[in-house]
Amino acid sequence: MTVAAPEPGFAPAARSIGQALARAVRRLRAAGVPEPDADAQVLLAHVLGTSRTGLIAAARDPLPAEAARRVQEVLRRRERREPVAYIVGEREFWSLPIAVDRRVLVPRPETELLVEVARRLAPDARCVLDCGTGSGAIAAALATELAGARVCASDRSLHGLAVAAVNTARHAPHVRLVGGDLLAPFRDAAFDLVVSNPPYCTDDELATLEPEVRDFEPRVALAAGAAGLDVLHALIADGARVLVPGGWMLLEVGAGQADRVRGVFERDLRYTSVVVEHDHAGIARVVGARRRRVGTWTAS
Ligand SMILES: C[S@@+](CC[C@H](N)C(=O)[O-])C[C@H]1O[C@@H](n2cnc3c(N)ncnc32)[C@H](O)[C@@H]1O
């Protein structure tokens, strides 16, 4: 095995895996990376093709030269604050490994609540839409959870849909992918369940995002107007058209947006049974409602 040689003009190369890990943590901390220990472990484990536990167990082993070169490469990317998920090319969602790159948002743990609530409120849904699917994570999770459901996943980003195609081919090959603007591609009253984690950042939030999000994640996945509600409002306005009577629309919302979104559902007589669900951090994260079963009465 060739062991890493010192790079000219730099400190001698790390000789062991443990030494490389300690140096990686120091480098990431110096670069202001928020969780340097965890990130260094994940990145080195990725380079060495092992787990974080395997990495610790191999701490005294020599660091192969090729691995040392790749460690430098991944550390440089993380120092520039590229998300770890993009560097390793994967993020777990609903226990499924989901391929990700800069074409799609990295699926967040709190978004699993959308799947949980969908499974609880609409276990018998036969026709399901994940609108704004990005990596396809939600659609893949729903397809594995709702046995027998026909799941459709849509996005306006064709680049994003290419990533969703990889993930659905791996985890849920029957998911149908559709390109287009929100609900425009769909015919009336087709779905028993529509879920969406749409863009919901306000203009002010966009300016204060962490570099990982601001500089790397797609703007189309984040920006939603001054109050961050533009896409949520549009989904509610057009959602009743594509839901069967009794069908559910479930939407992920940003922190502090739930009351306003609930109000929009409550004022719209085409909906009923409005729900608000909280995530593990206690944030009201999912707001949803049912398509009313009876027609609404109008005076004219
Ligand atoms: C917050 S990301 C969510 C991605 C994925 N569903 C997840 O939870 O990880 C929002 C997604 O909505 C898509 N999107 C934004 N505006 C859209 C529109 N008008 N029509 C369809 N998709 C849209 C974006 O391309 C992005 O993939």
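Residues numbered from 1 in each chain as written. Predicted model: local features only at pLDDT ≥ 70, side-chain atom pairs only at ≥ 80, totals over all residues. Heavy atoms only, no water.

## Notes on the sheet that holds strand S3 (residues 127-131)
Stage number 1. Here we have 7 strands laid out as an open sheet, ordered S5-S4-S3-S6-S7-S9-S8, and mixed in their pairing. A single partner strand is all that each edge strand has here, and the edge strands are strand S5 (176-179) and strand S8 (271-278). The mean angle between the axes of side-by-side strands here comes to 20°, regardless of whether they run parallel or antiparallel.
Stage number 2. The pairing of S3 with strand S6 (residues 191-196) spans 3 bridges and is parallel. For Asp-130, the partnering residue across the bridge sits in S6 and is Val-195.
Stage number 3. The strands touched by helix H8 (residues 158-171) are strand S4 (150-155) and S5; relative to S5, the strand with the most contacts, the crossing angle is about 180°. (Pairing = 2+ DSSP bridges. Helix = DSSP H or I, 4+ residues; strand = E, 2+ residues; numbered from the N terminus. Axes fitted to C-alpha atoms, helices over the stretch in contact; angles between N-to-C directions. Contact = heavy atoms within 4.5 Å.)

## Focus on the site of the ligand
Stage number 1. Near the ligand you find 18 residues, and of these Gly-132, Asp-155, Asp-181, Leu-182 and Asn-197 are the closest.
Stage number 2. Measuring from an oxygen atom of the ligand, one finds a backbone N or O atom of Gly-134 at 3.5 Å.
Stage number 3. Measuring from a nitrogen atom of the ligand, one finds a side-chain N or O atom of Asp-181 at 2.6 Å.
Stage number 4. For the ligand, the protein covers 96% of the area, taking 590 Å² as the surface of the free molecule.
Stage number 5. Looking at side-chain class alone, the shell around the ligand contains 8 nonpolar, 7 polar and 3 charged residues. (Near = heavy atom within 4 Å. Polar contact = N/O pair within 3.5 Å; in protein donor to acceptor, adjacent residues only side chain to side chain. Areas by Shrake-Rupley, 256 points an atom, 1.4 Å probe, with all protein chains shown as cover. Nonpolar A, V, L, I, M, F, W, Y, C, P; charged D, E, K, R; others polar.)

## Remarks on the domain arrangement of the protein chain
Stage number 1. What the domain assignment reports for the protein chain is domain 1 (17-80) and domain 2 (91-291).
Stage number 2. The C-alpha centroid of domain 2 is placed 34 Å from the C-alpha centroid of domain 1. (Domains from an automatic or database assignment.)

## Some words on the pattern of salt bridges
Close approach of charged atoms allows side chains of opposite charge to pair.
Stage number 1. What the rule picks out here adds up to 20 salt bridges.
Stage number 2. The closest approach of N and O atoms between Arg-81 and Glu-210, which form a salt bridge, is 3.5 Å. Residue Arg-81 is found in the loop between helix H4 (65-79) and helix H5 (84-88), and its partner Glu-210 is found in the loop between helix H9 (203-208) and helix H10 (211-214); the two are separated by 129 residues along the sequence.
Stage number 3. You can call Arg-81 buried: its relative accessible area is 13%.
Stage number 4. A relative accessible area of 45% means that Glu-210 is categorised as partly exposed.
Stage number 5. Arg-241 is the salt-bridge partner of Asp-238, the closest N and O atoms lying 2.8 Å from each other. Taken together, the residues span about one helical turn, with Asp-238 and Arg-241 both in helix H11 (residues 230-242) at a distance of 3 residues.
Stage number 6. Judged by relative accessible area, Arg-241 falls into the partly exposed class, the value being 27%. (Salt bridge = Lys/Arg side-chain N within 4 Å of Asp/Glu carboxyl O. Buried < 20%, exposed > 50% of the residue type's maximum accessible area, 1.4 Å probe, protein only.)

## A closer look at the nonpolar core
Stage number 1. Grouped together as the largest cluster of nonpolar side chains are 37 residues, with contacts concentrated most on Phe-93, Val-128, Leu-142, Leu-193, Val-195 and Leu-250.
Stage number 2. For this core, the secondary structure elements donating two or more residues are H5, strand S2 (96-99), helix H6 (112-121), helix H7 (137-145), S4, S6 and strand S7 (243-252).
Stage number 3. Of the residues forming this core, the biggest block, 6 residues, is contributed by H7.
Stage number 4. Setting aside its immediate chain neighbours within four residues, Val-195 contacts Leu-114, Ala-118, Leu-129, Asp-130, Cys-131, Ile-138, Leu-142 and Leu-250. (Core = buried A, V, L, I, M, F, W, Y, C linked by side-chain atoms within 4.5 Å.)

## Quick word on the environment of Gly-148
Stage number 1. With respect to the secondary-structure elements, Gly-148 resides in the loop between H7 and S4.
Stage number 2. Gly-148 sits in the exposed class, given a relative accessible area of 54%.
Stage number 3. Distance from Gly-148 to Ala-125, taken between C-alpha atoms, is 8.6 Å for residues 23 residues apart in sequence.

## Points about the packing of aromatic side chains
Centre distance and the angle of the planes are the two values used to describe a pair of aromatic rings.
Stage number 1. According to the stated counting rule, one finds 2 aromatic pairs in the structure shown.
Stage number 2. On the numbers, 5.4 Å between centres and 80° between planes, the contact of Phe-186 with Phe-191 is edge-to-face. By the burial criterion, Phe-186 is buried, and Phe-191 matches it.
Stage number 3. Aromatic pair Phe-265 and Tyr-271: ring centres 4.9 Å apart, planes at 75°, arrangement edge-to-face. Each member of the pair, Phe-265 as well as Tyr-271, is classed as buried. (Phe/Tyr/Trp six-rings, centres within 6.5 Å; stacked < 30°, edge-to-face > 60°.)

## Considerations on unusual backbone geometry
Stage number 1. Look at Arg-81: it is not a glycine, yet its phi comes out positive at around 75°.
Stage number 2. One non-glycine residue, Ala-189, lies in the positive phi region at around 40°.
Stage number 3. Looking at where Ala-189 falls in the secondary structure, it is placed in the loop between S5 and S6.

## Some thoughts on the pairing of S7
Stage number 1. Within S7, 9 of the 10 residues are buried, leaving the element largely enclosed by the surrounding structure.
Stage number 2. Taken together, the 5 bridges between S6 and S7 define a ladder with parallel strand orientation. Along S7, the bridge assignment pairs Val-195 with Leu-250.
Stage number 3. Bridge count between S7 and strand S9 (residues 284-291): 5 bridges; the pairing is antiparallel. Across the sheet, residue Leu-250 finds its bridge partner in S9, namely Gly-288.

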